[in-house]
Amino acid sequence: RTGDLYFSRSRSYNIFYEQIAQKLIIDGSTSAVDVVDIGNTEYIVFGTLLAQNNKRAGQEIIALCGVADVEMLSELISVDIFDGKAVEAIIKDDGFRIALSGNVSVDDQKEYSNFFQDVRNQKSDAEFQRIEQDFLAGNSGMFELYFASNDYYVYYSAVGKGEISEYVNGWHLVVYVPQSAV
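Let me sum up the structure you'll find in this document. (Residues numbered from 1 in each chain as written. Predicted model: local features only at pLDDT ≥ 70, side-chain atom pairs only at ≥ 80, totals over all residues. Heavy atoms only, no water.)

Considerations on the nonpolar core
Counting residues in hydrophobic clusters, the biggest one holds 19 residues, and the most contacted among them are F115, F135, F143, V154, V174 and Y176. Contributions of two or more residues to this core are made by β6 (87-92), α3 (115-122), α4 (125-136), β8 (141-147), β9 (150-158) and β10 (171-178). If we ignore the near neighbours within four places in the chain, the residues touching F115 are I91, G95, F135, F143, V154, V174 and Y176. (Core = buried A, V, L, I, M, F, W, Y, C linked by side-chain atoms within 4.5 Å. Buried < 20%, exposed > 50% of the residue type's maximum accessible area, 1.4 Å probe, protein only. Helix = DSSP H or I, 4+ residues; strand = E, 2+ residues; numbered from the N terminus. Contact = heavy atoms within 4.5 Å.)

What about the packing of α3 against α4?
Between α3 and α4, the least distance of the axes is 9 Å, while the angle of their chain directions is 155°. Classified by the angle their axes make, α3 and α4 are roughly antiparallel. Pair α3 / α4 crosses with right-handed handedness. Each of F115, F116, V119 and R120 in α3 lies in contact with α4, whose residues at this interface are F128, I131, E132, F135 and L136. Partitioned by chemical class, the residues of the contact of α3 with α4 number seven nonpolar, no polar and two charged. (Axes fitted to C-alpha atoms, helices over the stretch in contact; angles between N-to-C directions. Parallel < 35°, antiparallel > 145°, perpendicular 65-115°, else oblique. Left-handed = near helix turned anticlockwise from the far one by under 90°. Nonpolar A, V, L, I, M, F, W, Y, C, P; charged D, E, K, R; others polar.)

Structural notes on α4
With twelve residues, α4 should reach 16 Å at 1.5 Å per residue; the first-to-last C-alpha distance of 16 Å fits that figure. Listed in full, the buried residues belonging to α4 are F128, I131, D134 and F135. Relative to the axis of α4, the buried residues are bounded by an arc of 140° and lie together on one face. Within α4, the exposed residues directed more than 90 degrees away from the buried face are D125, A126 and Q133. Structurally, α4 contributes buried residues whose contacts are with β6, α3, β8, β9 and β10. Immediately downstream of α4, the backbone of G138 shows phi near 85°, a positive value. (Expected span 1.5 Å × (residues − 1). Arc of directions from axis to C-beta.)

Things to note about unusual backbone geometry
Unusually for a residue other than glycine, F82 sits at a positive phi of about 55°. Along the chain, the position of F82 falls in the loop between α2 (70-77) and β6. One non-glycine residue with positive phi stands out, namely D83, at about 55°. In this fold, D83 is placed in the loop between α2 and β6.

Describing a nonpolar patch on the surface
Taken together, the side chains of L50, I62 and L64 make up a nonpolar region of the molecular surface, amounting to roughly 310 Å² of accessible area. The topology assignment puts L64 in strand β5 (residues 58-69). (Patch = residues over 30% accessible without salt bridge, like charges linked within 9 Å, V, L, I, M, F, W, Y side chains within 5 Å. Areas by Shrake-Rupley, 256 points an atom, 1.4 Å probe, with all protein chains shown as cover. Salt bridge = Lys/Arg side-chain N within 4 Å of Asp/Glu carboxyl O.)

Let's talk about the environment of V159
For V159, the position within the fold is in the loop between β9 and β10. By relative accessible area, V159 is classed as partly exposed at 25%. Remark: the alpha-carbon pair of V159 and H172, spanning 13 residues in sequence, is separated by 5.0 Å.

Quick look at the structure:
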């Protein structure tokens, strides 16, 4: 059975979010997080396993789920560093961004759409593969990149690396710092 997600007294959505269920039931994780599109709005869905049992061959779980608007995450990562010139982003393993700090104009947001595409377009195959493998392994690193009419230092690190890494598995914080600001 799926659960109802209530956003207000007048609206509710009944969803079965396969990615969260996969992590909690099949993978045996104690928590999971991902982004889901509901009614043309992106939400972050958090799930934490509270209990589970095997009711006559069918597995049943009880999970507490929370939902937050992706814009809230954008506000959370909007940190004023390097005189407000740095840009922070949360990027998934596939290279697409989940959230982008609020100091990026709407016109420039397209420049930050896919992390791997930007890297692949400017680095040799060997350099790209090294950065991609390091990124996907959950490591931290830094390299130089030119886009949005500026030279940048780009720093990346897995979100939640360590004890809670399974909670935000596949998410990375990426900070773009204009070289002129350093």
